[in-house]
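Spelled out from the first residue to the last, the chains are:
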Amino acid sequence: MEQPRNRVFSGVQPTGNLHLGNYLGAIRNFVGLQETHECLYCVVDMHAITVWQEPKELAANTREVAAAYIASGIDPERHIVFNQSKVSAHAELAWILNCVARIGWLNRMTQFKDKAGKDREKASVGLYAYPVLMAADILAYRATHVPVGEDQKQHLELARDTAQKFNNDFAAPDFFPLPEPLIMGEATRVMSLRDGTKKMSKSDPSDLSRITMRDSADDIAKKIRKAQTDPEPLPETVEGLAGRAGADNLVGIYAALSGKTRAEVLAEFSGAQFSVFKPALADLAVEKLTPITTEMKRLMDDPAYIDSVLEKGAVRARAIADPVIARVRELVGFI
Ligand code: TYM
């Protein structure tokens, strides 16, 4: 079986409230990789149901993530866009990998601890096994590169360990490539606009904590105006942002949206008060995000088109995953 060299796989969960962190930390980087890599971009609906999802909302949110991919510039003709539950290879490989990955590895996963909270006994078994399904997503296509935000680094390490152990256990060196995380840009960890020490997240109860991919220009401007900062002007150097989480976050967002580094942004704005910087950031955010949100809305009004993209993507995804699964079955000894 030929070894892919430049195959990208990544996914986003259809859990609603798609936000600027998802865009800058992940989706925008997906777009750039299309020039150099063969890409599969998945809407991971099976990951979403590790916490309760209202079935009708899950379907709408699945279409919304697909619309966000396409509106951001992912080309579903040249690359593959699909939803996970349509390709049974994910579930099948996940089970086999559940028997390869170790409980000790999963016990170290910080995302499970955060998401399960205090009442761990009540978390679903799926939430616990989430990282193994993620490994299966990647390995079912023998993907080599995985663009993600920084919060997924630990899960990627587990995917690499699982690939390595499978290769060793079944005497198939190099069968699964060890996937490389691609954590790119100035906004690999976008923080909450209400608390610069907490990650921007879909589940934060405060709407003001995140800019979503549905927000109007007015919403975006309001949320940036209300973002938590401090009374000091912007520093001259990146080191000057240390200990100023809110300021660092806004400078990082500006940098990512403008395609500059933090240092370049500070060179432009050093000494500026937030009363000057925030409106500049709001204008930039509106300029970059509004065309995407507008196109997303247009696509969402045509669910039949989105469904046809996902269906065609699934057919192409199966064509890659099926031979991999067939070989895995042989290696494991299934007849
Ligand atoms: P999800 O939906 O939670 O996040 C999707 C992507 O957005 C990134 N991200 C962020 N980046 C920067 N700042 C933030 N505040 C922020 N919040 C989220 C995440 O790192 C992610 O890249 N487990 C994955 C979904 C997944 C997956 C996969 C990814 C399932 N299977 C296989 C890669 C390969 C996740 O975090 O989804």
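Being a predicted model, the structure only gives us computed values, none of them experimental. (Residues numbered from 1 in each chain as written. Predicted model: local features only at pLDDT ≥ 70, side-chain atom pairs only at ≥ 80, totals over all residues. Heavy atoms only, no water.)

**Observations regarding the domain arrangement of the protein chain**
Annotation of the protein chain at the domain level lists domain 1 (7-188 + 302-332) and domain 2 (207-297). Taking only C-alpha atoms into account, the centre of domain 1 sits 29 Å from that of domain 2. Taken together, the contact between domain 1 and domain 2 spans 16 residues of the former and 17 residues of the latter. A per-residue breakdown of the area domain 1 buries against domain 2 is headed by Leu20, Ala71 and Glu186, which together make up 39% of the total. There are two salt bridges connecting domain 1 and domain 2. Of the charged contacts in the structure, one is a salt bridge between Glu64 and Arg214, with a shortest N-O distance of 2.7 Å. Counting the contacts that link domain 1 with domain 2 gives five residue pairs in polar contact (both at pLDDT 80 or more). Of all the elements in the fold, those that place two or more residues in the side of domain 1 that touches domain 2 are helix 1 (20-33) and helix 3 (55-72). For the side of domain 1 that touches domain 2, the element with the most residues is helix 3, which contributes six residues. When grouped by side-chain class, the residues that make up the side of domain 1 that touches domain 2 number nine nonpolar, four polar and three charged. (Domains from an automatic or database assignment. Contact = heavy atoms within 4.5 Å. Buried area = accessible area lost by both parts, 1.4 Å probe. Salt bridge = Lys/Arg side-chain N within 4 Å of Asp/Glu carboxyl O. Polar contact = N/O pair within 3.5 Å; in protein donor to acceptor, adjacent residues only side chain to side chain. Helix = DSSP H or I, 4+ residues; strand = E, 2+ residues; numbered from the N terminus. Nonpolar A, V, L, I, M, F, W, Y, C, P; charged D, E, K, R; others polar.)

**Brief notes about the pattern of salt bridges**
Counted according to the given criterion, the structure contains 17 salt bridges. Note that Glu186 is salt-bridged to Arg262, the shortest N-O span being 2.9 Å. Of this pair, Glu186 sits in the loop between strand 5 (180-182) and helix 9 (217-225) while Arg262 sits in helix 11 (residues 262-269), and the two are 76 residues apart along the sequence. Judged by relative accessible area, which is 27%, Glu186 ranks as partly exposed. Asp248 is the salt-bridge partner of Arg262, the closest N and O atoms lying 3.0 Å from each other. Of this pair, Arg262 sits in helix 11 while Asp248 sits in helix 10 (residues 245-258), and the two are 14 residues apart along the sequence. In this structure Arg262 comes out as buried when scored by relative accessible area, which is 17%. (Buried < 20%, exposed > 50% of the residue type's maximum accessible area, 1.4 Å probe, protein only.)

**A closer look at helix 12 (residues 274-300)**
Helical geometry note: an α-helix holds 3.6 residues per turn, so side chains three or four residues apart project in the same direction. When the local axis directions of helix 12 are compared, the greatest deviation, roughly 35°, occurs at Leu289, which is followed within four positions by the proline Pro291. Taken together, the buried positions of helix 12 are occupied by Phe274, Phe277, Lys278, Leu281, Ala282, Leu284, Ala285, Leu289, Ile292, Thr293, Met296 and Leu299. (Bend = angle between axes of the 7 residues up to and from the residue.)

**Describing unusual backbone geometry**
Despite not being glycine, Arg142 has its phi angle at roughly 50°, a positive value. Among the secondary structure elements, Arg142 is positioned in the loop between helix 7 (125-139) and strand 4 (145-147). Accessibility expressed as a relative area gives 3% for Arg142, which makes it buried. At Ala171, a residue that is not glycine, the phi angle is positive and equals roughly 50°. Looking at the element boundaries, Ala171 is found in the loop between helix 8 (153-169) and strand 5. You can call Ala171 exposed: its relative accessible area is 65%.

**Examining the pairing of strand 1 (residues 7-12)**
Counting buried positions along strand 1 yields five of six residues, so the element is predominantly enclosed. Pairing analysis gives six bridges linking strand 1 to strand 2 (residues 38-43), with the strands arranged parallel. Looking at strand 2, one finds that Gly11 is bridged to Cys42. For the crossover that starts at strand 1, traverses helix 1 and ends in the parallel strand 2, the hand is right-handed. (Pairing = 2+ DSSP bridges. Right-handed = clockwise from strand over helix to strand, strands pointing away.)

**Remarks on the packing of helix 10 against helix 11**
Relative to each other, helix 10 and helix 11 sit at 105°, their axes nearing to 9 Å. When the interaxial angle is binned, helix 10 and helix 11 end up roughly perpendicular. Counted together, Asp248, Val251, Gly252, Tyr254, Ala255 and Ser258 of helix 10 and Arg262, Val265, Leu266, Glu268 and Phe269 of helix 11 form the full contact between these two elements. Considered class by class, the residues forming the contact of helix 10 with helix 11 number six nonpolar, two polar and three charged. (Axes fitted to C-alpha atoms, helices over the stretch in contact; angles between N-to-C directions. Parallel < 35°, antiparallel > 145°, perpendicular 65-115°, else oblique.)

**Here's the deal with the packing of aromatic side chains**
The tally for this structure, following the rule as stated, stands at 14 aromatic pairs. Measuring from ring centre to ring centre gives 5.5 Å for Phe9 and Tyr141, while their planes differ by 15°; the resulting arrangement is stacked. One end of the pair, Phe9, is in strand 1; the other, Tyr141, is in the loop between helix 7 and strand 4, and 132 residues separate them in sequence. Neither Phe9 nor Tyr141 differs from the other in exposure class; each is buried. Between Phe166 and Phe175, the aromatic rings sit 6.3 Å apart at their centres with planes inclined by 35°, giving tilted as the arrangement. Each member of the pair, Phe166 as well as Phe175, is classed as buried. Through a chain of ring-to-ring contacts, three or more aromatic side chains come together here, namely Phe166, Phe170, Phe175 and Phe176. Seen from the ring of Phe175, Arg142 lies directly overhead, with NZ or CZ sitting 4.8 Å from the centre. (Phe/Tyr/Trp six-rings, centres within 6.5 Å; stacked < 30°, edge-to-face > 60°. Lys NZ or Arg CZ within 6 Å of the ring centre and 35° of its normal.)

**Comments concerning helix 9**
Every buried residue belonging to helix 9 is among Ile220, Lys223 and Ile224, and all of these are buried. Projection of helix 9 onto a plane perpendicular to its axis shows the buried side chains occupying an angular sector of 100°, all on one side. Facing away from the buried side of helix 9, by more than 90 degrees, are the exposed residues Asp218 and Arg225. (Arc of directions from axis to C-beta.)

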